[in-house]
Amino acid sequence: MAGKPPASDPIQDSPEVSAPEHYAVGLPAIGHALRVSQQQMGVRRTALTLLRVNQKDGFDCPGCAWPEPEHRHAAEFCENGAKAVAEEATLRRVTPEFFAAHPVSDLADRSGYWLGQQGRLTQPMYLAEGADRYEPVAWERAFDIIGEELAALGSPDEAVFYTSGRTSNEAAFLYQLFAREFGTNNLPDCSNMCHESSGSALTETIGIGKGSVLLEDLYKADLIIVAGQNPGTNHPRMLSALEQAKAGGAKIISINPLPEAGLERFKNPQSPRGLAGRGTALTDLFLQVRLGGDQALFRTLNRLILETEGAVDTDFVAEHTHGFEEFAAAARADTDWDATLAATGLTREEIERALEMVLASRRTIVCWAMGLTQHKHSVPTIQEVVNFLLLRGNIGRPGAGVCPVRGHSNVQGDRTMGIFERPAPAFLDALEKEFGFAPPREHGLDVVRAIRALRDGDAKVFFAMGGNFVSATPDTDVTEAAVRRARLTVHVSTKLNRSHVVTGARALILPTLGRTERDVQAGGEQFVTVEDSMGMVHASRGRLAPASPHLLSEPAIVARLARRALGPDSRTPWEDFEQDYGTVRDRIARVIPGFEDFNAKVARPGGFALPHAPRDERSFPTATGKANFTAAPVEYPHLPEGRLLLQTLRSHDQYNTTIYGLDDRYRGIKNGRRVVLVHPEDARALDLADGSYTDLVSEWTDGTERRAPGFRVVHYPTARGCAAAYYPETNVLVPLDHTADTSNTPASKSLVVRLEPAAPQT
Ligand SMILES: Nc1nc2c(c(=O)[nH]1)N[C@H]1C(S)=C(S)[C@@H](COP(=O)(O)OP(=O)(O)OC[C@H]3O[C@@H](n4cnc5c(=O)[nH]c(N)nc54)[C@H](O)[C@@H]3O)O[C@H]1N2
Ligand SMILES: Nc1nc2c(c(=O)[nH]1)N[C@H]1C(S)=C(S)[C@@H](COP(=O)(O)OP(=O)(O)OC[C@H]3O[C@@H](n4cnc5c(=O)[nH]c(N)nc54)[C@H](O)[C@@H]3O)O[C@H]1N2
Ligand SMILES: [Mo]
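Rules used throughout
- Along each chain, residues carry numbers from 1 onward, in the same order as the chain's sequence is written.
- In the order they appear in the text, chains get letters beginning with A and ligands get numbers beginning with 1.
- Restriction of local features to residues with pLDDT of at least 70 applies here, the model being predicted, together with a cutoff of 80 or more for giving and counting side-chain atom pairs; totals for whole chains, interfaces and linings are based on all residues.
- The basis for every side-chain value is the complete set of non-hydrogen atoms in the structure, without hydrogens or water.
- For every domain, the bounds stem from an assignment made automatically or drawn from a database.
- The term buried area refers to how much accessible surface (probe radius 1.4 Å) is lost by two components on association, counted for both of them together.
- For this document, the term salt bridge refers to a Lys or Arg side-chain nitrogen within 4 Å of an Asp or Glu carboxyl oxygen.
- Definition of a polar contact: a pair of N or O atoms within 3.5 Å, with one able to donate and the other able to accept a hydrogen when the atoms are protein atoms, and with sequence-neighbouring residues admitted only if both atoms are side-chain atoms.
- Secondary structure elements are defined from DSSP: runs of H or I of at least 4 residues count as helices, runs of E of at least 2 residues count as strands, and each element is numbered from the N terminus.
- Residues are counted as near a molecule or strand when any one of their heavy atoms sits within 4 Å of it.
- Only the protein chains shown count as covering a residue, and every accessible area follows the Shrake-Rupley method with a 1.4 Å probe.
- Side-chain classes are defined by residue name, with Ala, Val, Leu, Ile, Met, Phe, Trp, Tyr, Cys and Pro counting as nonpolar, Asp, Glu, Lys and Arg as charged, and the others, Gly among them, as polar.
- Throughout, exposure labels follow a simple rule: accessible area from a 1.4 Å probe, protein chains only, divided by the maximum for the residue type, with under 20% read as buried, over 50% as exposed, and the rest as partly exposed.
- Grid points spaced at 1 Å over the protein atoms alone were grouped into cavities, where a 1.4 Å probe fits but cannot get out, and pockets, open sets with protein on both sides within 12 Å along at least five of seven lines, with lining residues defined by an atom within 4 Å of a point.
- Grid points are joined across faces, edges and corners, and a volume is the space filled by probe spheres set on the points.
- Only the contacting stretch of a helix is used when fitting its axis, a line to C-alpha atoms as for every element, and angles between N-to-C directions run 0 to 180 degrees.
- Should an angle fall under 35 degrees it is taken as roughly parallel, and over 145 as roughly antiparallel, whereas 65 to 115 is taken as roughly perpendicular and any remaining angle as oblique.
- For this analysis, residues touch if any pair of their heavy atoms sits within 4.5 Å.
- Side-chain atoms within 4.5 Å are what join buried Ala, Val, Leu, Ile, Met, Phe, Trp, Tyr and Cys residues into a set we call a nonpolar core.
- Any two strands are treated as partners once DSSP identifies two or more bridges connecting them.
- Aromatic pairing here means that ring centres of Phe, Tyr or Trp (its six-membered ring) are within 6.5 Å. Orientation follows from the plane angle: under 30 degrees is stacked, over 60 is edge-to-face, and everything else is tilted.

**Comments concerning the domain arrangement of the protein chain**
- According to the domain assignment, the protein chain contains domain 1 (17-88), domain 2 (93-191 + 410-591), domain 3 (196-405) and domain 4 (644-757).
- Taking the mean C-alpha position of each, domain 2 and domain 3 sit 36 Å from one another.
- On the domain 2 side of the contact with domain 3, Ser191, Ser533 and Met534 bury the most area, a combined 62% of that side's loss.
- One salt bridge connects Glu196 with Arg422, and the closest N-O pair in it is separated by 3.7 Å.
- Counting across the interface, domain 2 meets domain 3 through five residue pairs in polar contact (both at pLDDT 80 or more).
- Broken down by element, the side of domain 2 that touches domain 3 gets its largest block of residues, three residues, from helix α21 (residues 411-416).

**Considering unusual backbone geometry**
- In this structure, Pro728 follows Tyr727 across a cis peptide bond, with omega equal to 10°.
- Mapped onto the fold, Pro728 is located in the loop between β32 (722-726) and β33 (751-757).
- For Arg618, which is not glycine, the phi torsion reads 50° and is therefore positive.
- Topologically, Arg618 is positioned in the loop between α30 (613-617) and β24 (627-628).

**Some words on the site of ligand 1**
- The local shell around ligand 1 holds 31 residues, among which Asn256, Glu260, Asp294, Gln654 and Asn656 are the closest.
- Note that a nitrogen atom of ligand 1 is positioned 2.8 Å from one of the backbone N or O atoms of Asn234.
- Starting from 920 Å² of accessible surface for ligand 1 in isolation, the protein chains cover 99%.
- Of all elements in the fold, only α10 (231-234), α19 (370-373), β25 (644-649) and β26 (654-655) reach the threshold of two or more residues within the shell around ligand 1.
- Looking at the shell around ligand 1, its residues break down into 11 nonpolar, 16 polar and four charged.

**Some words on the site of ligand 2**
- In the neighbourhood of ligand 2, 30 residues make up the surrounding shell, with Tyr162, Ala472, Glu554, Thr657 and Asn731 lying closest.
- A distance of 2.7 Å separates an oxygen atom of ligand 2 from a polar atom in the side chain of Ser164.
- Between ligand 2 and Arg650, the relevant distance is 3.2 Å, taken from a nitrogen atom to a side-chain nitrogen or oxygen of the residue.
- For ligand 2, the protein covers 96% of the area, taking 930 Å² as the surface of the free molecule.
- Each of domain 2 (93-191 + 410-591) and domain 4 (644-757) gives at least three residues to the shell around ligand 2.

**Some points on helix α8 (residues 196-206)**
- Counting buried residues along α8, nine of its 11 residues qualify, which places the element largely inside the surrounding structure.
- Residues of α8 that are buried: Glu196, Ser197, Ser198, Gly199, Ser200, Ala201, Leu202, Thr205 and Ile206.

**Some words on the layout of surface pockets**
- A volume near 1,200 Å³ is recorded for the second largest pocket.
- Contributing to the lining of the second largest pocket are 36 residues, with Ile208, Gly209, Lys210, Arg415 and Ala424 lying nearest its centre.
- Every element with two or more residues in the lining of the second largest pocket is listed here: α8, α21, α22 (425-435) and α30.
- Both domains that furnish three or more residues to the lining of the second largest pocket are identified here as domain 2 (93-191 + 410-591) and domain 3 (196-405).

**What about the packing of helix α14 (residues 294-307) against helix α16 (residues 324-333)?**
- Running from amino to carboxyl end, α14 crosses α16 at an angle of 105°, the nearest separation of the two axes being 9 Å. Taken together, the axis directions place α14 and α16 in an arrangement best described as roughly perpendicular. Contact with α14, carried on its side by Arg299, Asn302, Arg303 and Leu306, involves Phe324, Phe327, Ala328, Ala330, Ala331 and Arg332 of α16 and no other residues of that element.
- A class-by-class count of the residues in the contact of α14 with α16 yields six nonpolar, one polar and three charged.

**Let's talk about the nonpolar core**
- Counting residues in each nonpolar core, the largest one holds 58 residues, and the members touching the most others are Ile146, Phe161, Phe178 and Leu508.
- With 49 residues, the next largest nonpolar core counts Ile206, Leu306, Phe388 and Ile395 among its residues.

**Quick look at the sheet that holds strand β22 (residues 536-540)**
- Ordered by their spatial adjacency, three strands build an open sheet running β21-β22-β23, and the pairing between neighbours is antiparallel. Unpaired on one side and paired on the other, β21 (528-531) and β23 (608-609) mark the two borders of the sheet.
- Alignment of β22 against β23, held across two bridges, turns out to be antiparallel. Of the residues in β23, the one forming a bridge with Val537 is Phe608.
- The strands that helix α7 (residues 169-182) touches are β21 and β22; relative to β21, the one it contacts most, it runs at about 90°.

**Some words on the packing of aromatic side chains**
- Inspection of every chain in the model, using the stated rule, returns 21 aromatic pairs.
- Aromatic ring contacts, followed pair by pair, group Phe161, Tyr175, Phe178, Phe182 and Phe463 into a single cluster.

**What about the sheet that holds strand β7 (residues 159-163)?**
- Ordered by their spatial adjacency, six strands build an open sheet running β6-β5-β18-β17-β16-β7, and the pairing between neighbours is mixed. One side of each edge strand has no neighbouring strand; the edge strands of this open sheet are β6 (135-136) and β7.
- Looking at chain direction, strand β5 (residues 125-127) and β6 are connected through two bridges and run antiparallel. Along β6, the bridge assignment pairs Tyr126 with Glu135.
- Across the face of the sheet, α7 comes into contact with β7 and β16 (461-465) while running at roughly 170° to β7.

This is how it looks when you write it as structure tokens:
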């Protein structure tokens with residue numbers, strides 16, 4: 001069901017294909033951004049919002065987690081940031097009349113794109129048991145309903161509290177506090193599907209699950225390696241940083257199965273040269289790796305470094321690291337070039353050219369995103385990247401380090417605030433000391449485990465602070481059936497999405513303020529704070545009038561829910577927290593290291609940097625007290641005859657499950673999303689003409705199959721043996737149990753698929 005396009009949807013998916021672009025941004029992007037913004041917001045609102053994005057007195061862009069430069073332009077936004085803002089600041093509204101006109105069974109037949117296009121949610125809505133229509137509900141009644149269902153649970157662990165990464169630090173802190181005071185660590189978040197593999201790999205090896213570079217380090221680097229990331233679409237402002245790095249003499253290696261336009265050439269809209277000229281060539285060496293071949297690639301580079309006289313930073317290794325001998329022995333033993341070439345799809349010459357660039361660099365940074373984190377062997381892959389950096393002392397000095405580039409604009413901050421199903425004991429101790437209750441110590445459920453618990457009837461209340469759980473998670477049919485078993489599903493949301501129409505027996509939609517909106521509480525106008533991908537914390541202040549007078553802020557929703565659900569026994573001053581977020585920050589300051597004097601520090605324009613021991617003082621808070629080399633065996637996906645390895649990725653016109661439009665401009669796709677990109681040689685061997693239609697059938701080790709019907713074949717210069725199609729349409733293909741070892745992140749970038757000729761789905 002979920003794999004098929006919705007039957008009654010007026011939006012037609014009929015892809016038109018042209019040659020991919022070879023540069024990103026420039027004039028078309030700006031024109032596009034303004035057009036989308038004005039359609040959604042009108043001219044005046046467009047000017048009002050876009051000039052406030054990422055300014056010191058403005059709001060943090062809800063687009064991505066890339067940091068703001070110290071010297072900002074008057075227009076410090078990008079095309080996709082503008083689209084994210086327009087999506088939120090739209091003038092369109094979803095009203096109670098809308099819900100009266102559209103039964104849930106009708107909405108369940110619409111595409112996610114159509115649902116999102118209906119506009120901002122305006123009132124709390126309730127779907128009673130057995131009903132087919134949402135009806136308006138008063139806030140207090142909504143909290144009563146949640147309170148009733150929570151009170152009826154056999155244990156607090158039958159409730160699940162999901163978070164998506166847009167939630168502010170203040171809201172996140174209150175939310176985890178409420179969940180733990182209620183009695184559970186069931187706090188799964190989008191990070192479980194995103195950079196969890198980075199967190200797992202880095203915590204074990206360097207002692208902290210966050211990147212070790214600041215923006216200024218990029219400008220000082222000699223070599224920047226961008227692996228498994230498409231910044232032209234997903235972190236466009238990173239291209240300005242890469243351009244500046246190049247101006248300072250840095251070289252760039254891109255590692256990717258796809259030749260992404262943004263990494264080829266960048267036309268900076270802020271500079272006359274960028275607008276009119278050819279722009280800046282970014283990538284010096286493109287390594288067109290096979291999906292899942294990165295661990296083998298880095299292992300081979302590491303072996304070659306070890307074999308090169310004087311290439312290892314022996315002082316650093318001796319003083320700061322642990323496990324070198326074991327790792328070096330394993331790497332030296334991996335001398336099989338044939339295996340490396342099979343795993344990576346590269347030539348020996350390409351790898352040797354990369355080695356030359358690595359050896360010529362004294363300061364190297366590796367940036368990565370979902371291309372490295374969403375594989376079965378993602379954690380050892382990222383650990384091999386850490387080995388690579390440690391070998392030449394590239395952690396804890398200027399211009400060098402690890403740079404996992406986060407997705408959601410506050411996903412890193414949410415984790416810092418304690419949104420984590422496996423909290424550190426020290427964090428719980430601090431919480432206990434500050435608030436005087438005993439938080440649960442047992443680990444909670446992550447995303448995949450939460451789905452299993454819902455499926456098996458072990459979880460009965462599902463509460464989501466933002467996001468779109470059923471569309472973002474794997475195994476759509478399984479997940480939707482699991483969610484439907486819940487007693488109650490609750491979504492705190494800004495926009496309508498599929499998770500509002502695939503519900504438990506009862507359901508609530510709680511509409512909330514977005515980043516762009518003014519937040520006035522009893523204690524006056526409030527601001528919130530966020531943490532970017534590089535550990536910089538700063539304030540975010542919305543200026544627009546709220547989309548509806550009935551909206552509550554996220555902190556207010558949590559505070560009121562907590563008062564209702566915990567009752568008079570709670571000694572936490574929830575009312576004060578709701579009235580004045582400064583009082584929340586005072587508590588954060590006492591519970592979370594690095595936030596001492598929070599209110600004073602965040603008042604400084606630009607905010608402040610959180611401490612990061614490896615970066616700041618080359619000390620590594622790991623179990624061994626040193627940075628750990630690791631020596632995992634090299635793995636890579638093996639393909640049966642006649643099959644392709646499919647990655648599920650983002651188009652240029654989407655934000656995760658939010659679809660802005662049907663184009664993927666840089667890849668030459670227009671007006672359709674049901675496409676599968678296949679190398680022309682592979683297509684020939686499989687007899688798949690460009691423009692023909694195919695079903696994608698994923699084959700799983702337990703013998704089961706999953707099908708997503710009707711994708712247009714696009715001959716595309718991807719790596720051999722690899723294919724690509726957009727998420728969330730392809731989530732139906734990802735088995736729930738197909739996850740990364742250790743991090744349990746769905747392995748949505750490596751699915752073995754068979755392509756079967758089919759009819760278009762329209
Ligand atoms: N406009 C926009 N911005 C976004 C988002 C969005 O949807 N839209 N999403 C946000 C979020 S939550 C996130 S996490 C980030 C995601 O940012 P990205 O990680 O850039 O997103 P994906 O589209 O998943 O792209 C994965 C990239 O990795 C490559 N890749 C896939 N598999 C492999 C592999 O095995 N090895 C290598 N070396 N490369 C591989 C793909 O070809 C692609 O270029 O973006 C954030 N920003
Ligand atoms: N196959 C496959 N699956 C994937 C991925 C992949 O690459 N391939 N990527 C994974 C990744 S990296 C991620 S991060 C997840 C994303 O998973 P989620 O974070 O759950 O999904 P989003 O689509 O970002 O959520 C969009 C919804 O958030 C709500 N929203 C927007 N702004 C706000 C706000 O300010 N407050 C509140 N309360 N709600 C708001 C809106 O209602 C909107 O519909 O998906 C994962 N799933
Ligand atoms: Mo993400």
